[in-house]
Amino acid sequence: LSRLELAREMQPGVQPALQASPALKASPADTAGGQEPSRSEKQAANLRKLVLAMSQDIRVLVVKLTDRTHNMRTLRYVGSHSSRRLKAEETMGIFAPLALRIGMYTVAAELETLALAELHPEAAERVAA
């Protein structure tokens, strides 16, 4: 949907929450010296932006959790093993606990299940059995 279609389809105030989600990416300005930020610096910057956006509208977190759930469902199409592992680690360490904290238990369980399948496939099979 375009932003115009969103504005027509959604209640007032929803569109800014949806627009905030793609804006939660680290920029080079988030680090000192203008150097390429490290992976941990990017992750910290993303977390800071997420917390700032959530303080203005909690729906940003709901959108972010929905986006992460979709990403985890389609993780098998990501070519790089290290990229899949990083997404799974972030999901298990950040997004699943946030979902639990706000009472989205089904989403948290799915995120944990999908992340576990990537991080520890043998354990995930034992749990599923």
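Look up a bit, the structure's there.
Residues numbered from 1 in each chain as written. Predicted model: local features only at pLDDT ≥ 70, side-chain atom pairs only at ≥ 80, totals over all residues. Heavy atoms only, no water.

J.: I would appreciate a short explanation of helix 4 (residues 59-73) in the present structure.
T.: In an α-helix there are 3.6 residues to a turn, and that puts residues three or four apart on one side. Taking 1.5 Å of rise per residue, the 15 residues of helix 4 would be expected to cover 21 Å, and the 21 Å separating its terminal C-alpha atoms lies within 8% of that figure. Those residues of helix 4 that fall on the buried side of the exposure criterion are Val60, Leu61, Val63, Lys64, Leu65, Arg68, Thr69 and Met72. (Helix = DSSP H or I, 4+ residues; strand = E, 2+ residues; numbered from the N terminus. Expected span 1.5 Å × (residues − 1). Buried < 20%, exposed > 50% of the residue type's maximum accessible area, 1.4 Å probe, protein only.)

J.: It is not clear to me how the environment of Val62 should be interpreted in this structure. Could you clarify?
T.: Following the sequence through the fold, Val62 ends up in helix 4. The class of Val62 is partly exposed, set by a relative accessible area of 34%. Sequence separation of Val62 and Met104 is 42 residues, and the distance between their C-alpha atoms is 9.0 Å. When neighbours within four sequence positions are excluded, Val62 is seen to be in contact with Ile102 and Met104. (Contact = heavy atoms within 4.5 Å.)

J.: Can you help me understand the nonpolar core in this one?
T.: The tendency in soluble globular proteins is for nonpolar side chains to be buried side by side. Leu50, Leu65, Met72, Ala88, Phe95 and Leu111 are the most contacted members of the largest nonpolar core, which totals 17 residues. Contributions of two or more residues to this core are made by helix 3 (39-56), helix 4, helix 5 (81-101) and helix 6 (105-119). Ranked by residue count, the leading element in this core is helix 5, at five residues. Apart from the residues lying within four places of it in its own chain, the contact partners of Ala88 are Met72, Ala115, Glu118 and Leu119. (Core = buried A, V, L, I, M, F, W, Y, C linked by side-chain atoms within 4.5 Å.)

Everything listed here is a matter of coordinates, which is why it stays silent on function.
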